[in-house]
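Chain by chain, the residues run as shown.
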2 protein chains.
Amino acid sequence: MIALTGDIGGTRIKLAVVRDGQIIARQIEPALADQRWPDRLPALAATWRALCHEANIELATVAGLGVGFPSLVDAARGRILDEWGKFPGCAGFDFGAWARDTLGLPLALDNDARAALIGEWRQGAGRGSNDVVMVTLGTGIGVGVVMQGRVLRGAHGQAGTLGGHLTVRYGGRPCICGNVGCAEAEASTAVLRELAALRPEFATSALARETELDYASVFQLAEAGDACALALRDHSLGVWSATIVNLIHAYDPERVIVGGGIMRSSAHILPALQHYVNTHAHTAWGRVQLVAGELGDDAALLGGAWLVNEKNFPNASA
Amino acid sequence: MIALTGDIGGTRIKLAVVRDGQIIARQIEPALADQRWPDRLPALAATWRALCHEANIELATVAGLGVGFPSLVDAARGRILDEWGKFPGCAGFDFGAWARDTLGLPLALDNDARAALIGEWRQGAGRGSNDVVMVTLGTGIGVGVVMQGRVLRGAHGQAGTLGGHLTVRYGGRPCICGNVGCAEAEASTAVLRELAALRPEFATSALARETELDYASVFQLAEAGDACALALRDHSLGVWSATIVNLIHAYDPERVIVGGGIMRSSAHILPALQHYVNTHAHTAWGRVQLVAGELGDDAALLGGAWLVNEKNFPNASA
């Protein structure tokens, strides 16, 4: 089966041609997420066409377009449900009609973190398990869930997806989602500079001199004994750990996959999370295993092909 | 269909005969939860037999025994998975074999909050919805979940059940479950006296003179302006609200049923929870409706009959 896939992010957009679970052509572009979604799409169509040309694929042989989008999504009806300050005009836009009219392809749309989960579940770190949660630590915190062999979507497409928006600190920081004390508001790249600047140790910290503050710097400087970096590191690890315990308590998985850009520092992260989970999660049956994602940036691109596959479009069995 | 049912609590045990969704005989007993579970059971068997006699029911016409137990439960195999300081010896005890040998009945066992949810979903405040979460506020905090018409149980029977053990206050109070900052450790009757005693206003509060401190007193005294009661009330409402937002974000329900003993003060509770949910839950599709349980103490007793029904035991269709 051949699918065109896309992983739409707030920073980068990744597009691919996937054949039988292999990416045979890919392109990474800046997101330009302040553009209106209907205006952003023509350039993406052009890239998908160019990738097909490069891979020597006729559009007529493609089963469908599988896209992970950074928003709540109604996967059944192929609609983006709301906007999170990215790609204005995306909510309610008839993306399915666009795909049909522009590329002649049926659309399989889902949340981006859910698409990544599906990729890892089918082809990566979740292989062989029917009960998997994936947490994507990056600009925001995305979550996807498989329970007893079924991708969890819920009545309105929201289930699992909002795992980064479980309150872990009641009365804590306001979050972009409208809630307070969410993991995403307490420890993510989106709020890292703000979090750092709130610390009294910030003024004298090497972090204050970083132009693009990211978690890689935080972990490095924490190792070197920087007080602000240490405090940020420990707070963030605690918030992520509490979030993972919540996801374990909510969804009863046997494995939790941790992925996303922040996991480039995985050696600083996974052992701490596993230790907290071992000592805090209530799992009478045994221990939940934490593992790093295996597919990196490819997870949602490969997951997109599984979304197409799941839809049983006319060409999807080819 | 006729079922014997039981709602095993840490304070009281309720036993019943249910015929076609109606309780036709019932008995409430003190829990005596410090007794070993195998030693507690003979008296329960005697009560179930007496209830059958009272209702003029032959045991041979009963479809099964449906029991809600206050612990994690493997519903598929009919085993209690762990002990929470109640009924020692319950975990691992072959309750199914006991029911067969003692009453000649097959056992349908589940978590008590899940049994209450099933009762409310089928016959009470959840009727007509396929996506329902029920939160039971009482000595502890129990949760049960129906998603898209299926009772959520998960790979190890834990899903949904641990909703009172989602961290809402990272770094907060240690919980009996092994986690910290769970709703049950932050705001439940089990910890109410301890919570009150920690407040500086406690010494001069009327709460200090209550012999059995409960939330009914807290709400009453808060109305009267007692500073300690006010602080406890507001903290508890906040913790329950944050928990309900987490359950909404986790399970995507359209309705949340709030039940349990604390809801005897529902007029003080529901409007506050609904307001918080309206302003904090991210639900692009619309508003989640909070409703009070309708079945009160009968919820898990009626749910027990649905558990028997669900199992398709030989007599269950009669």
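Since this is a predicted model, take the numbers as computed values, not measurements.

A pair of packed helices can be characterised by two numbers: the angle between their axes and the separation between those axes. Residues and elements named next belong to chain A. Contact geometry of helix H6 (residues 215–223) with helix H7 (residues 227–251) gives a least axis separation of 8 Å together with a crossing angle of 120°. Considered as vectors, H6 and H7 are oriented oblique to each other. Classified by chirality, the crossing of H7 by H6 is left-handed. Counting all contacts with H6, which are made through Val 218, Phe 219, Leu 221 and Ala 222, the residues of H7 involved are Ala 229, Leu 230, Leu 232 and Arg 233. For the contact of H6 with H7, the residue count by class is seven nonpolar, no polar and one charged.

Let us look at the sheet that holds strand S8 (residues 132–137) of chain A. All names here are of chain A. Spatially, S10-S9-S8-S11-S12 is the arrangement adopted by the five strands of the open sheet, whose pairing is mixed. With partners counted over all chains shown, the strands left at the sheet margins are strand S10 (150–151) and strand S12 (289–292), one partner each. Sheet topology note: the strand S11 (residues 255–259)/S12 ladder contains four bridges and is parallel. The residue of S12 that forms the bridge with Ile 257 is Val 291. Contacting S8, strand S9 (141–147), S10 and S11, helix H3 (residues 112–123) runs over the sheet at an angle of about 50° to S9.

Now for the sheet that holds strand S7 (residues 107–111) of chain B. Adjacent strands of a sheet pair through backbone hydrogen bonds, lying either parallel or antiparallel. All names here are of chain B. The strand order across the open sheet built from five strands is S3-S2-S1-S4-S7, with neighbouring strands paired in mixed fashion. This sheet does not close on itself; its edge strands, each paired only once, are strand S3 (22–30) and S7. Direction aside, neighbouring strands of the sheet carry axes that sit 15° apart on average. Pairing geometry for strand S1 (residues 2–8) and strand S4 (residues 64–69), over five bridges, is parallel. Note on S4: the bridge partner recorded for Thr 5 is Gly 66. The strands that helix H1 (residues 37–55) touches are S1, strand S2 (12–19) and S3; relative to S2, the one it contacts most, it runs at about 35°. Its contacts with the sheet place helix H3 (residues 112–123) against S1, S4 and S7, and it is angled at close to 100° to S7.

Residue and element names in this part refer to chain A. According to the domain assignment, chain A consists of domain 1 (2–116 + 297–317) and domain 2 (128–294). Placing the centre of domain 1 and that of domain 2 at their C-alpha centroids yields a distance of 26 Å. Counting from both sides, the interface comprises 15 residues of domain 1 and, opposite them, 15 residues of domain 2. Of all the elements in the fold, those that place two or more residues in the side of domain 1 that touches domain 2 are strand S5 (73–74) and H3. Partitioned by chemical class, the residues of the side of domain 1 that touches domain 2 number eight nonpolar, four polar and three charged.

Contacts between the two partners involve 36 residues from chain A, matched on the other side by 38 residues from chain B. Top element by residues in the side of chain A that touches chain B is H7 of chain A. It accounts for eight residues. For the side of chain A that touches chain B, a count of residues per class yields 18 nonpolar, 13 polar and five charged.

About the criteria used
- Residues numbered from 1 in each chain as written.
- Chains lettered and ligands numbered in written order.
- Predicted model: local features only at pLDDT ≥ 70, side-chain atom pairs only at ≥ 80, totals over all residues.
- Axes fitted to C-alpha atoms, helices over the stretch in contact; angles between N-to-C directions.
- Helix = DSSP H or I, 4+ residues; strand = E, 2+ residues; numbered from the N terminus.
- Parallel < 35°, antiparallel > 145°, perpendicular 65-115°, else oblique.
- Left-handed = near helix turned anticlockwise from the far one by under 90°.
- Contact = placed C-beta atoms within 7 Å.
- Nonpolar A, V, L, I, M, F, W, Y, C, P; charged D, E, K, R; others polar.
- Pairing = 2+ DSSP bridges.
- Domains from an automatic or database assignment.

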